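# Survey of secondary and tertiary structure
Now for the letters of each chain:
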Amino acid sequence: MTDILRVRRREWTPDIRKRYALVAVLPAIALLAVFVIYPLVLLVIESSQDGFEVYGRVLSSGSGQKAIATTFTASLVATGIVVLVSSIIGWTIRTTRRRWVRALCWVCVLAPFWMGAVVKNYAIVLLISNKGVVNAGLRALGLDPVQMLYSTPAVVLGISYSLIPFGVLTINAVFQTIDLNLLRNAEVLGSTRSGSIFRVMVPLAGPGFIASGAIVFALSVGFYVTPVVLGGAKSPFLATLIQANILQYFDLPAAAALSVILLVVALLVMIVTIGLVGVGSVRRAMTRS
Amino acid sequence: MTNDRETTMNDDHVLVLDAVAKSYAGVLALAPTSFAIEKGEFLTLLGPSGSGKSTLLKLIAGFETPTSGAILLRSLDISGLSPAQRQLGMVFQSYSLFPHLTVAKNIEYGLKRRKWSAERRRARVAEMLAIVKLEHRANALPAELSGGQQQRVAVARALAYDPDVLLMDEPLGALDRTLRLEMESEIKRIHGQLGTTFIYVTHDQQEAMHLSTRIAIMNNSQVVALGRPDDLFRNPPNVFTAEFFSDATTVAAEVDDRTRFRFEAGGDGSWAAPAGTAPGRYTFGIRPRAARLGIVEGAPVLRGTITSSMLFGDEVRLFIDADVVSGLRVVIPSRANTFAPGDRVDVSIPWEDAILLPNAPVTSRAFHAGATR
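Residues numbered from 1 in each chain as written. Chains lettered and ligands numbered in written order. Predicted model: local features only at pLDDT ≥ 70, side-chain atom pairs only at ≥ 80, totals over all residues.

Once that is clear, we can look at the overall build of chain B. Tallying secondary structure elements over chain B gives 10 helices and 20 strands in all. Its C-alpha atoms give chain B principal-axis dimensions of roughly 75 × 45 × 35 Å. For chain B, the proportion of its 373 residues judged to be buried stands at 40%. Intrachain contacts of chain B at a sequence separation of at least 6 include 66% that bridge at least 24 residues. (Helix = DSSP H or I, 4+ residues; strand = E, 2+ residues; numbered from the N terminus. Buried ≥ 20, exposed ≤ 12 C-beta atoms within 10 Å, placed from the backbone. Contact = placed C-beta atoms within 7 Å.)

Here you go:
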């Protein structure tokens, strides 16, 4: 009798109760606080020791301006390339009926994912250095070799190659939501193949392209190894400059200020994107990748 | 019974299938199929899943290319053309309305691809909206419409540019029963109003019967019967059609040299077969509404026990285990149902409502489609 009386009347739900949920996420919150939030706060404090004067200094210095310009133009171009290439690969994966084509696409896309950054970038060095495969080919054809290594395009190439997996994963998540019957129907209604892609697929995937581009851009501006290996001294990235400030000039406030700038830009890009296409598209793109 | 051979040999054909066949990696998906469709017909491809009806529709639409044979649209071979070049209309089961376009823009899509002037497009969209009775939803997005309304937009969009043939792939499959019946009359009305040739795919024989001027019944990758719904229903040309379309229970039977009919599994009686019935083995088909409880003079009789009954409002369906066949279904008016499970009954099947199919490999009558080789 008492047993029956003690039964709590609560509807059954499959999800975890609130107090257990809090306990479950606590370790993650703790990690975040110790390893992300605390250092970031330190960073901001470090960079603003003399008011915000150090920001003015890094922003007005020639090397600072050059690094900012290089970082953002190279990232923008790389983002464009990644979104375009990823869309083509992603659409092939979505539409092909041949399983081996799909499998091959995934292997090619994910291969750079499984390699270390240094391996990836030195592989590109082997291709484009003055004695590399490409220039050897040019020489064999009787053409003059081209200086490709240590240039911004080389950095763009390296970044694009590294970020294509992110591009394909995010864009594929969006393509999976598109009903292919819509495209079949567009063709029955008189569209050509490309017409149906541009009039139906592109408008439907539009927010996904923007969300994917934002993620790729935010990742791109923080690149460090690729600009060092492929760009050298001629194409300094913000991350390179930060490293130089720490290890060569021992100017920690400047390094901190540049880090904060990098962070704020990446954050702004994400906020603007969410404002543009809604949180749903961004979340879908991020959680599927 | 109509004379189909005569009607399909005239020159009013919109679409002709000439020994069209399809196989995937050597596996037959559609046996060579030939038939012709007249202008203004409502032809339904009816069959269970995997019978080849969707393959046939895809071949006509252009999503598949035939392995052999030809598809002629207005005497032009379209087998090698892309879907866009075929100028057909199509309604998919999932409607496939463009979610980013309004109702009006969806309907306008095919007109734009055909480079109609803005003025002509506006007039045609208004006309189509009126035909499907959705004038008030012109600027709504598909997501804001009910299932039935979306279905109507899909029909309006497919018919806007006045295609020679409208293809419909199980368009009512996603709707609930009430809405399905409502949409059936809508589709029938639109077909009557526009006079476009419709080719409709479904697995629901009720739907096929309600809508079609002719039905092609498909099984095992081929057309096994083709004819008017009432003919096929009352005189199915083969056992599959009798069971699948006429809902008949079939029993093995034979007719002897003195035209006496008896059930093969025994039973005690024999009856005079209709005049002119050749001796031989037959399949006897019993439609649920062709059977009578009690003895009818001259009609074959089965004796059995009622195992269960199921109420359908005005009618009751009785399940009877007879001596020569089990699971026999008989439908009688509810008010005449004085029976209970366990009762012994006599079931008579008057000759005029019975189905008698000779056990020869090939059939005759309404069926003249290809794929009989």
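Structure shown, so let's carry the discussion forward.
We now examine the domain arrangement of chain B. Taken domain by domain, chain B consists of domain 1 (4–234) and domain 2 (247–358). For domain 1 of chain B versus domain 2 of chain B, the separation of C-alpha centres amounts to 39 Å. (Domains from an automatic or database assignment.)

Contacts between the two partners involve 17 residues from chain B and, on the opposite side, 14 residues from chain A. Elements supplying a minimum of two residues to the side of chain B that touches chain A: α3 (83–86) and α4 (103–113) of chain B. Looking at the side of chain B that touches chain A, its residues break down into 10 nonpolar, five polar and two charged. (Nonpolar A, V, L, I, M, F, W, Y, C, P; charged D, E, K, R; others polar.)

Attention shifts here to the nonpolar core. It is characteristic of soluble globular proteins that their nonpolar side chains tend to be buried jointly. Counting residues in each nonpolar core, the largest one holds 126 residues, and the members touching the most others are Leu238 and Leu258 of chain A together with Leu167, Ile199, Ala216 and Ile217 of chain B. The leading source of residues in this core is helix α8 (residues 152–175) of chain A, at 15 residues. Apart from the residues within four sequence positions on either side, isoleucine 199 of chain B is in contact with Ile37, Leu43, Leu45, Leu57, Ile60, Val165 and Leu167 of chain B. Residues Ala242, Phe263, Val347 and Ala354 of chain B belong to the second largest nonpolar core, which totals 25 residues. (Core = buried A, V, L, I, M, F, W, Y, C linked by C-beta atoms within 7 Å.)

Another aspect to go through is the packing of helix α4 (residues 62–95) of chain A against α8 of chain A. Residues and elements named next belong to chain A. Running from N to C, α4 and α8 cross one another at 40 degrees; their axes reach a closest spacing of 6 Å. On the basis of their axis angle, the class for α4 and α8 is oblique. Where α4 crosses over α8, the two elements pack in a sense that is right-handed. Its residues assigned to classes, the contact of α4 with α8 comprises 18 nonpolar, eight polar and one charged. (Axes fitted to C-alpha atoms, helices over the stretch in contact; angles between N-to-C directions. Parallel < 35°, antiparallel > 145°, perpendicular 65-115°, else oblique. Left-handed = near helix turned anticlockwise from the far one by under 90°.)

Glancing now at the sheet that holds strand β16 (residues 301–312) of chain B. Residue and element names in this part refer to chain B. Across the sheet, which stays open at both edges, the five strands sit in the order β15-β19-β16-β17-β18 with antiparallel pairing between neighbours. Since the sheet does not close on itself, it has two edges, and those belong to β15 (292–293) and β18 (328–333), each with one partner. Direction of pairing for β15 relative to strand β19 (residues 344–348): antiparallel, over a ladder of two bridges. When the sheet's bridge partners are listed, leucine 293 is paired in β19 with valine 347. (Pairing = 2+ DSSP bridges.)

A few words now on helix α6 (residues 147–159) of chain B. All names here are of chain B. Compared with an ideal rise of 1.5 Å per residue, which puts 13 residues at 18 Å, α6 spans 19 Å between its outermost C-alpha atoms and is within 8% of the ideal. In terms of burial, α6 is largely enclosed, as 10 of its 13 residues are buried. Here α6 has its buried residues at Gln150, Gln151, Arg152, Val153, Ala154, Val155, Ala156, Arg157, Ala158 and Leu159. Its buried side turned inward, α6 meets β6 (89–91), α4, α5 (118–131), β7 (165–169) and α7 (177–194). (Expected span 1.5 Å × (residues − 1).)

This next bit is on the sheet that holds strand β13 (residues 271–272) of chain B. Residue and element names in this part refer to chain B. Ordered in space as β13-β12-β11-β14-β20, the five strands form an open sheet in which the pairing is antiparallel. Looking at strand neighbours, the two that pair on one side only are β13 and β20 (355–358), the edges of this open sheet. In the sheet, strand β11 (residues 249–255) pairs with strand β14 (residues 280–286) via seven bridges, with the strands oriented antiparallel. By the bridge assignment for β14, valine 251 is matched with phenylalanine 284.

As a further point, take the UniProt feature "domain: ABC transmembrane type-1" (unreviewed entry) in chain A. Here the UniProt-annotated "domain: ABC transmembrane type-1" (unreviewed entry) positions come out as residues 68–273 of chain A. Secondary structure across residues 68–273 of chain A divides into 80% helix and 0% strand, with the first and last C-alpha atoms of the span separated by 21 Å. (UniProt positions renumbered as here; feature names shortened; annotations may be inferred.)

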